[in-house]
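Structural overview for review
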Amino acid sequence: MSALNLERIKSELEMFGIAYDDNDSVLDKLLEQSICNRLQGDEIVLEWVAFSTTKKGLTLSVDTLDQFEHEVLNKKNKFRQGSKKEEPHNRTRDIHSLQDLIKAEEEEDDLLDSYSTPAKGSQKRSLSTPEHPQSKRSAALLTSPGLLLSPSSFSPSATPSQKYSQRGAKGEVVVKFGSNEGSQWAGGKSQGVRVQLDLLEGPEESLRSSYKFMFQRLRDVRNVLTVKIEDFGEELRSHINLEEFSPVALPAQDNITVLGQVCCDSKGKLNAQSVVLEAGPEHGGQQVPVDLSELKEYSLFPGQVVVMEGMNTTGRRLVATKLHEGLPLPFYTPEVKQEMDEEPVSVLVACGPYTPSDSLTFDPLLDLITVIVRDRPDVCVLLGPFVDAKHEQIEKALVTETFEAIFSRCVESIVEGTKSVGCRLVFVPSQRDIHHRFIYPQPPFTLPDLSKDQAQRVTLVPDPCTLLIEGVTLGLTSTDILFHMGAEEISCAAGSDRFSRILKHLLTQRSYYPLYPPVEDVNMDYEKFQSYGQMPLSPDVLIVPSELRYFIKEVIGCVCVNPGRLTKGQVGGTYGRLLLQRSSPSEDGKRASPCLACQVVKI
């Protein structure tokens, strides 16, 4: 090996044209330095070239090599030793590298045992420390193949989040709705009895068809918005008994009624002075500024379709005196009269991320699986992100597996962990799922590795979607529409809260994302949005997870729930649970809400 290194040193010196004394002392010194510093022959020559260049072309001699060793090689050795000391703390490892490390230490211990006498016994060292004692359970798991299905093995870091593990108020109910007294949150269906769960939009196969990425003509977008304005206009015209709408920019001395979409007169944020009403092509397709000073109450956002009454004497400014918003769709009524179940359906709803922001250990997800096994709900609705694109370790590329592999093992862990419960599992994708298509509406996940038995319990749905569970409709979206619309909405209304106004807009605009233009984070495909982003009916329960504070509100007959996120930064978050039961209308014909009770609970 020394001879090989010596030849390599000679060839490298010749290649760089470096002159040296003919005696062997210089070559022997270089060879000694390469061996002592664990460098190859070409590496030691490259180090010398860099050093001599900084010293303005030093000649190669024994004296200059001593200087080279003192100024370069010794410092490199100190740095290498320091990094080795820090390596156990800073190096990121996955489960495979940890098992390799344990195996290497065991081989080292076996070598120590071979030199020990029987009286001294085994020299094997314990892998536990006082700060991190090794429990019997973890020792058994380390060699168990089942650990590969445990979400805690997905992290490249072996350090769990301290803030999450030290959280307080576990299991505390923070918001209640309905008759919670005496409610049994365990599922009413016995294991083996399948809960009827369907997707109202029909088969989602067409949503999985190819998208036109980065190819969307403005004309197509305009056509989608035009159809939306015209359809809403026809509904509102019939509701207010109007023969026809007037063009927005036509001067008139009398009160006129116009139809259009709310816009902003610039690229800035909407305010009371920048509101513009844009009509569809059928009514001129022009824009007119709107004066809101005569309106006592209003709540507007960009993209909202409204009918306004007012004066436009010059054709250049509409002074609005009355505002007509959209109409909500009717609620679901079964075509065939169904028998009422004696027991309500228990539904658990949770939204990602399922890891703390300072660690990729899936401890919150493990805790959620424990809750599912304890409460035994009939249906679990799990919304993304499952592999969060905004996680700091993913942003810094510190993961050791592909995103698809992490997600597949995560889902398999959920399916296997809830096998004893037998509940139906619904997976909803998110724009923040880094392994999935970040486009809206978002196609459902694909899980080809699920077995036939597992696939019978799993339902993969798009974002957004409307589910039918035992005759009760659930509207689902993982996109944070509350946060997006909350930043754009303007209002003048006494005694109303912003959440209720935004939720009312969703229901009256009949859309899961009525904001136009959308925020930069949402990549909207308007052709798909026309078919899959609209509400087919008013849902009985609307699930709208958000970064904003959790809540439960009843808005125009619909129970709207923000269950919060399972983790909020480095600490634990919340999840929701509902009791649903379709009931017959009362004697006076009034509809009774099928949401018997609802709670938001801390994980």
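All of these numbers come straight from a predicted model, not from anything done at the bench. (Residues numbered from 1 in each chain as written. Predicted model: local features only at pLDDT ≥ 70, side-chain atom pairs only at ≥ 80, totals over all residues. Heavy atoms only, no water.)

Let us look at the overall build of the chain. When helices and strands are tallied, the chain shows 15 helices and 22 strands. For the chain, restricting intrachain contacts to residue pairs at least 6 apart in sequence, the fraction spanning at least 24 positions comes to 72%. Working note: accessible area of the chain is about 30,600 Å², and carbon and sulfur atoms make up 51% of it. (Helix = DSSP H or I, 4+ residues; strand = E, 2+ residues; numbered from the N terminus. Contact = heavy atoms within 4.5 Å. Areas by Shrake-Rupley, 256 points an atom, 1.4 Å probe, with all protein chains shown as cover.)

With that settled, the discussion passes to the sheet that holds strand S7 (residues 305-312). Picture the strands of a sheet paired through backbone hydrogen bonds; they go either parallel or antiparallel. Spatially, S3-S4-S5-S8-S7 is the arrangement adopted by the five strands of the closed barrel, whose pairing is mixed. Going across the sheet, the axis of each strand differs from the next one's by a mean of 55°, ignoring polarity. Here strand S3 (residues 252-264) pairs with strand S4 (residues 275-278) via four bridges, running antiparallel. Note that in S4 the partner of Cys263 across the bridge is Val276. (Pairing = 2+ DSSP bridges. Axes fitted to C-alpha atoms, helices over the stretch in contact; angles between N-to-C directions.)

The next subject is the nonpolar core. With 36 residues, the main nonpolar core has Tyr354, Leu368, Ile414, Phe427 and Tyr575 as its most contacted residues. At the level of elements, strand S9 (345-351), helix H9 (363-375), strand S10 (379-383), helix H11 (403-417), strand S11 (424-428) and strand S12 (458-460) are the ones that each hand at least two residues to this core. By residue number, the principal contributor to this core is H11, which donates six residues. Once residues within four sequence positions are removed from consideration, Ile414 is found in contact with Leu365, Ile369, Leu382, Phe386, Leu425 and Phe427. (Core = buried A, V, L, I, M, F, W, Y, C linked by side-chain atoms within 4.5 Å. Buried < 20%, exposed > 50% of the residue type's maximum accessible area, 1.4 Å probe, protein only.)

With mixed pairing, six strands are arranged side by side in an open sheet as S2-S13-S14-S16-S18-S17. In this open sheet, the two edge strands, each paired with only one partner strand, are strand S2 (197-199) and strand S17 (551-555). With strand direction ignored, the average angle separating the axes of adjacent strands in the sheet is 25°. Here strand S13 (residues 465-469) runs beside strand S14 (residues 472-476); their pairing, made up of five bridges, is antiparallel. Directly across from Thr466, in S14, lies its bridge partner Gly475. Running at roughly 55° to S17, helix H14 (residues 498-508) makes contact with strand S16 (541-543), S17 and strand S18 (558-562) of the sheet.

Further remarks concern helix H2 (residues 25-36). When the terminal C-alpha atoms of H2 are compared, their 16 Å separation across twelve residues agrees well with the 16 Å that a helix rising 1.5 Å per residue should span. Considered for burial, the residues of H2 that qualify are Val26, Leu27, Lys29, Leu30, Leu31, Gln33 and Ser34. Two residues or fewer after H2 comes Arg38, characterised by a positive phi angle close to 55°. (Expected span 1.5 Å × (residues − 1).)

Once that is clear, we can look at the packing of aromatic side chains. Per the stated rule, a full pass over the model turns up 13 aromatic pairs. Ring geometry for Trp48 and Phe68: centres 5.7 Å apart, planes at 90°, overall edge-to-face. Taken as a pair, Trp48 in helix H3 (residues 41-54) and Phe68 in helix H4 (residues 62-90) lie far apart in primary sequence, 20 residues in all. Taking the relative accessible area as the measure of exposure, Trp48 reaches 2% and is therefore buried. Here Phe68 falls in the buried class, since its relative accessible area comes to 0%. (Phe/Tyr/Trp six-rings, centres within 6.5 Å; stacked < 30°, edge-to-face > 60°.)

The peptide bond linking Tyr440 to Pro441 adopts the cis configuration, its omega dihedral lying at -5°. Its location among the elements puts Pro441 in the loop between S11 and helix H12 (452-457). Residues Asp463 and Pro464 are joined by a peptide bond in cis, for which omega reads 0°. For Asn241, which is not a glycine, the phi torsion comes out positive at approximately 55°. Relative to the assigned elements, Asn241 resides in the loop between helix H8 (218-239) and S3.

Scanning all chains against the criterion turns up zero disulfides. Between Cys380, a cysteine without a disulfide, and Cys423, which holds the nearest cysteine sulfur, the sulfur-to-sulfur distance is 3.8 Å. A residue is classified by how much of its surface remains accessible, and Cys380, at 0% relative accessible area, is buried. (Disulfide = S-S within 2.5 Å.)

Time to look at the environment of Asp21. Positionally, Asp21 belongs in the loop between helix H1 (2-16) and H2. Residue classification places Asp21 among the partly exposed positions, given a relative accessible area of 43%. Expressed as a C-alpha distance, the spacing of Asp21 and Ser61, which sit 40 residues apart in the sequence, is 7.2 Å.

Bringing the side chain of His484 into the picture now. By the secondary structure assignment, His484 is in helix H13 (residues 481-486). By relative accessible area, which is 12% here, His484 ends up buried. Non-local contacts of His484, meaning those with residues more than four positions away in its chain, are made with Thr479, Tyr513, Leu515, Val519 and Val522.

Taking 1.5 Å per residue, 15 residues should reach 21 Å; H11 reaches 21 Å between its end C-alpha atoms and fits that length. Along H11, the positions that sit buried rather than exposed are Ile406, Phe407, Arg409, Cys410, Val411, Ser413, Ile414 and Val415.

Together, Met15, Phe16 and Leu46 line one region of the surface with nonpolar side chains, adding up to about 310 Å² of accessible area. Note that Leu46 resides in helix H3. (Patch = residues over 30% accessible without salt bridge, like charges linked within 9 Å, V, L, I, M, F, W, Y side chains within 5 Å. Salt bridge = Lys/Arg side-chain N within 4 Å of Asp/Glu carboxyl O.)

This part is about the pairing of strand S21 (residues 574-580). Across the seven residues that make up S21, a large majority, seven, are buried. Side chains Thr574, Gly576, Leu578 and Leu580 of S21 all project onto a buried face; the interleaved residues Tyr575, Arg577 and Leu579 project onto the opposite face, where all are buried too. Taken together, the five bridges between S9 and S21 define a ladder with antiparallel strand orientation. Bridge pairing in S21 places Leu348 opposite Arg577. Both S21 and strand S22 (residues 595-602) contribute to a ladder of seven bridges, which runs antiparallel. Opposite Leu578, over in S22, you have Cys598 as the bridge partner.

All we've got here are geometric facts, nothing functional implied.
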